[in-house]
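Single-letter residue listing:
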Amino acid sequence: MSPSLAALSHVHAGRDITIQHFQAASAAEARSAVRVVGSIPQRALGFQPRAAQATLAADRTVGRTAGPQSAWVVSGMGGVGKTQLAAAVARNLLATHAVDLLVWVPASTRAGIITSYAAAAASVGVGAEDPEQAGVRFVGWLAETCHRWAIMLDDVSVPEHLRGLWPPEHLTGTTIVTTRRRDATLLANRELIDVDVFTKVEARAYLTERLPEQLADDIDGIAADLGFLPLALSHAAAHLIDLELPCSSYREQFANRKRRLNKLFPTATALFDDSPAATVATTWSMSIEQADRNLPTGMAGPLLELASLLDPNGIPNAVFNTAAARDYRTKPADPLAQGDEPAAGIDDELDDTDIRAGLANLRRFSLVATAGSVVRVHALVQRVVRESLQHQRAGRAVHAAADALLQTWPDIERDSTFGALLRANAAALASCPEAEYLWNTDGVHPILFRMIVSLGDAGLVRAAADAADQLHLHNHERLGPDHAATLAARSHLARWRGKAGDVAGAFAANEQLLADQLRILGADHPDIFTTRREVAWWRGEAGDPAGAAEATAGLLPEALKVLGPDHPETLTIRFLVAYWQGEAGDATGAAAALEEVLADRLRVLGPDHPDTFGTRGTLAYWRGECGDPAGAATATQQLLADRLRILGPEHSRTLATRYNLAVWQGEAGDPAGAAKAFEGLLEDEMRILGPDHPDTLTTRYILALWQGEAGDPAGAATAIAEVLADVLRVLGPNHPDTLATRHGLAVWRGEAGDPAGAATALGELLSDYFRLLGPDHLDTLATRHGLAVWRGEAGDPAGAATALGELLSDCLRLLGPDHPDTVAARSTLSYWLSVTRDPAAAETTTSQRPAEMPQRPGIPGALAKPGLSHWRRRTCK
């Protein structure tokens, strides 16, 4: 029997509507009766099955006899392939004979919806001359029919266009909506399916299928460059094929930020998404315009312009809630400039509600996404928006974004994750083509200096040095060598080079900078004092603490005269004089001087100022060095409580204070407590800073030292060897921390029963110290001491005594008779002279200072093992 249509009369909404149901005598006849209204888009070249497609296939309930209606909203930004996904589902419904009627509706306008509905109404026998009436009849037919149907509403741009035309809930009906929007009215009683960009695997499969082998030399790279966006990959593939251009050449063109997207993509080709003639730029233009028209009018566009200059992977919501972001929307730099007037319909004074509404409009049209407290935007959307900015508008946007970041950046970075997020956004701003607007004749925007300081304070000293180097090059090129901003960048570069391990380079760079500043700024400029104390600092770091103390003290009279006694720079100079006094061997004098500095900093700066905290920590250190480790531990514990209160638990200085507290706990006779504290600290540093952060490596090293102190020298040697491998990888072979770790490893190998191996390792290390730091550096002297000790332990006491005699002479010459390292060298020499059975010489050596009879030097003991003191000194500065 042939399929037929049986007409039934029903009363619907107060009107008589004739609704016709499909009837079929058999399954075969039913299959032949399937009707399709509308044109389903063709399958795109290289089409890739998607996870969302599988979700629809698994969850759809077409053809069931009970249960709720199947209704999905397939949402995502333009160009991700929503239409292709819906078309694939439609073809699958037809191929599996899961529906009797399928209607493909171009739903971007109400007229398009009504036209499709009218055609569908006619196909089932409920048509009318008036298209609106036909559409209403068709909706009624969907509600009453027993046949299986699927309505595919493609590209719904305005939910209100479907008023009165939404497919009804029905046991055998399926509705699938594709849209860039996420309005509550769209999602009501419908399941949301988010469609994102391709995965790496999907992108690779797509390009492999599309491109000839000779062009596919870097498909992973080109996919990453284009953000895995299907539409962009479709454009690019067509472009490569047309020009016979390999991926690697295309990537070079794409990396050239001066090349506009319309030069990188064809303007008309068989594309992945909505329209054959769509382009990457036009894909989002309508969404941007619609979002900007929504209330508050004109809010979404400026917010997207700011977002286009920042990190696509995450912009803090707080950036958009700053005065700078609001002013960008409401206060043009030139009120008469064309295109820069505030849009009508929005008050000059914006509040947080307006900002949230503007971001919600962008999110509603899938132009941005939110994840927790950050906003994300696709990199190609950013590029399209940036390329639409005219010269003046681009300059304003760049400065507004930079100002907004600065206003968001806290003076104290309590949250390390938030600090990293801000740095990523500053880096994105600095690397975009429009970053040139950060410079003008007055200088450079301070956001670039803020990023450098944040990198360094977070312990990323190499990255800080690299960023300072780049800033110096740009400032030199744009502003000239004598501009204040260029000099400031040189100062940052020298400082972070030194922090990254290039002590000699930092010293030389600061000396050169000082000469130029004297020529340009004059002797009484405040920056001169800063650079002169930096020169003195790196002189001390290079192994001349006495010279550093003398040079810093020489600054003090001039600072008192020019700046006054309470100026922060004057107080810093006094602090450094005390610090280097202690490093030169006078721990008692350092502690006394620091007490005076602390009193003045408390009076001038207050108890919670970072410099006041730094003074307290350094004073505690020198009290410990004076022989009061318990007092040092108590003072550090009090400092930790205050730093937790002011800085929070994740700040780098809070973690450093915990480190120092654990050190002094161990020194005060509680090695078990110290080890436990270090274990807890290491766990937190791994989580907050990461495994490769210098502070994390330091804590691993110190834990290994205490493992040895607890009686496991072999375990300590093994642990230090593991640390050394990571330190070499992260910091390089010439970094001071790498050299100190090599020293510690050699010592604990000796303690574990291999004195000859320890002596050999220290001999190799000594050659590197001579090459890198010179013969007079404290660490060079320490290594000579250790080498002599293990030479004696390996069976050559006479050689040990000879080497120690030479070392003592150099310590007396360089450090003086009362320096702790001179005293330690004398004690160790006396021990080895007694071993060689030269009691007269031993007695003569020992009588040079009041002390007990010498014993074998302990580990750690003064120069015999600088590892512990090295790390402690570096952490307490």
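Since this is a predicted model, take the numbers as computed values, not measurements. Within each chain, residues carry numbers counting from 1 in the order of the written sequence. Owing to the predicted nature of the model, reporting of local features is limited to residues with pLDDT of at least 70; listing and counting of side-chain atom pairs is limited to 80 or more, with chain, interface and lining totals taken over all residues. Hydrogen atoms and water are omitted, and side-chain values are computed over all heavy atoms in the structure.

**Student:** Sorry, what's going on with the overall build of the protein here?
**Tutor:** A tally of helices and strands in the protein yields 40 helices and 13 strands. A 1.4 Å probe rolled over the protein chains alone gives each residue an accessible area, and that area as a share of the maximum for its type sets the label: buried under 20%, exposed over 50%, partly exposed in between. By the burial criterion, 53% of the 877 residues in the protein qualify as buried. Considering only contacts in the protein between residues 6 or more positions apart, those separated by 24 or more positions represent 68%. Counting only carbon and sulfur atoms, one obtains 53% of the accessible surface of the protein, whose full area is about 36200 Å². In this description a helix means any DSSP run of H or I spanning at least four residues, a strand means any run of E spanning at least two, and both kinds are numbered starting from the N terminus. Here a residue-residue contact requires only that any non-hydrogen atoms of the pair lie within 4.5 Å. Working definition of accessibility: Shrake-Rupley area with a 1.4 Å probe, residue cover restricted to the visible protein chains.

**Student:** Before we go on, may I ask you to explain unusual backbone geometry in this structure?
**Tutor:** Working note: non-glycine residues mostly have negative phi, and peptide bonds are mostly trans. Leucine 295 connects to proline 296 through a cis peptide bond whose omega is -5°. Of note, proline 296 is situated in the loop between α12 (280-293) and α13 (300-307). The backbone of phenylalanine 228 shows a phi angle near 60°, a positive value even though the residue is not glycine. As for its position among the elements, phenylalanine 228 is in the loop between α8 (219-225) and α9 (230-243). The exposure class of phenylalanine 228 is partly exposed, given its relative accessible area of 22%. Positive phi outside glycine occurs at glutamate 244, with the angle close to 50°. Note on placement: glutamate 244 falls in the loop between α9 and α10 (247-255).

**Student:** What exactly am I supposed to notice about the side chain of glutamine 382 here?
**Tutor:** Mapped onto the elements of the fold, glutamine 382 is located in helix α17 (residues 379-388). On the basis of relative accessible area, glutamine 382 is assigned to the buried category, the value being 4%. The definition of a polar contact used here is a pair of N or O atoms within 3.5 Å, where within protein one atom must be able to donate a hydrogen and the other to accept one, and adjacent residues in sequence count solely through side-chain atom pairs. One polar contact links the side chain of glutamine 382 to the main-chain carbonyl oxygen of alanine 307, over a distance of 2.7 Å. If sequence neighbours within four positions are ignored, glutamine 382 has contacts with Ala307, Ser308, Leu309, Leu310, Asp311, Pro312 and Val377.

**Student:** Sorry if this is basic, but what is going on with the nonpolar core here?
**Tutor:** Within soluble globular proteins, side chains that are nonpolar generally end up buried alongside one another. In this structure, Leu207, Leu226, Phe320, Leu362, Leu429 and Leu438 are the most contacted members of the largest nonpolar core, which totals 105 residues. Apart from residues no more than four positions distant in its own chain, phenylalanine 320 is found in contact with Leu303, Leu306, Ala307, Ile315, Ala325, Ile355, Leu359 and Val375. Listed in part, the 28 residues of the second largest apolar core include Leu101, Ala121, Val139 and Trp149. Residues grouped as a nonpolar core are buried Ala, Val, Leu, Ile, Met, Phe, Trp, Tyr and Cys residues, joined through side-chain atoms within 4.5 Å.

**Student:** For this particular structure, what's the right way to read the sheet that holds strand β4 (residues 70-75)?
**Tutor:** Whether parallel or antiparallel, the strands of a sheet pair through hydrogen bonds between backbone atoms. Across the sheet, six strands lie side by side as β3-β5-β6-β7-β4-β8; this open sheet has parallel pairing. Edge positions in the sheet fall to β3 (35-37) and β8 (191-194), since each of these pairs with one other strand and no more. Going from strand to strand, the sheet's axes swing by 15° on average, the running direction of each strand aside. Paired strands are those between which DSSP finds at least two bridges. Here β4 pairs with strand β7 (residues 173-179) via six bridges, running parallel. Within β7, the residue paired with valine 74 across the bridge is threonine 178. Strand contacts of helix α4 (residues 110-123): β3, β5 (101-106) and β6 (149-154), with the helix running at about 160° to β5, the strand carrying the most contacts. With axes taken as lines fitted to C-alpha atoms, and helix axes fitted only over the stretch in contact, angles between N-to-C directions fall between 0 and 180 degrees.

**Student:** In this structure, what is going on with helix α35 (residues 755-772)? I would like to understand it.
**Tutor:** Helical geometry: 3.6 residues make up each α-helical turn, so side chains three or four residues apart lie on a common side. An expected span of 1.5 Å times one less than the residue number is assigned to each helix. Between its first and last C-alpha atoms α35 spans 25 Å; for 18 residues at 1.5 Å apiece the expected length is 26 Å, and the two agree. Looking at α35, one finds that the buried residues are Pro755, Ala758, Ala759, Leu762, Leu765, Leu766, Asp768 and Tyr769. Tucked into the core, α35 has its buried residues touching α34 (736-751) and α36 (778-793). Backbone geometry just after α35 places glycine 774 at a positive phi near 90°.

**Student:** Can you walk me through the environment of glycine 456 in this structure?
**Tutor:** In this fold, glycine 456 is placed in helix α20 (residues 447-457). You can call glycine 456 buried: its relative accessible area is 8%. In contact with glycine 456, other than residues within four places in its own chain, are Val461, Ala464 and Trp496.

**Student:** Can you help me understand the packing of aromatic side chains in this one?
**Tutor:** The description of an aromatic ring pair uses the distance of the two centres, along with the angle that the planes make with each other. Aromatic pairs are defined between Phe, Tyr and Trp rings, using the six-membered ring for Trp, whenever the two ring centres lie within 6.5 Å; interplanar angles under 30 degrees are classed as stacked, those over 60 as edge-to-face, and all others as tilted. A complete count under the given rule lists eleven aromatic pairs for this structure. Where tyrosine 579 meets tryptophan 580, the ring centres are 5.1 Å apart and the plane angle is 80°; that geometry is what we call edge-to-face. Across the pair, tryptophan 580 and tyrosine 579 agree in class, each one buried. Seen in terms of ring centroids, tyrosine 621 and tryptophan 622 are 4.7 Å apart; in terms of plane orientation they differ by 70°. Their pairing is edge-to-face. Of the two residues examined, tyrosine 621 and tryptophan 622, each falls in the buried class. Three or more aromatic residues joined by ring pairs make a cluster, and in this case those are Trp537, Tyr579, Trp580, Tyr621, Trp622 and Trp664. Charge over a ring is defined by NZ of Lys or CZ of Arg lying within 6 Å of the ring centre and within 35 degrees of the ring normal. It is arginine 478 that lies over the ring of tryptophan 439; its NZ or CZ is 4.2 Å from the centre.

Don't take any of this as a statement about function, it's just geometry.
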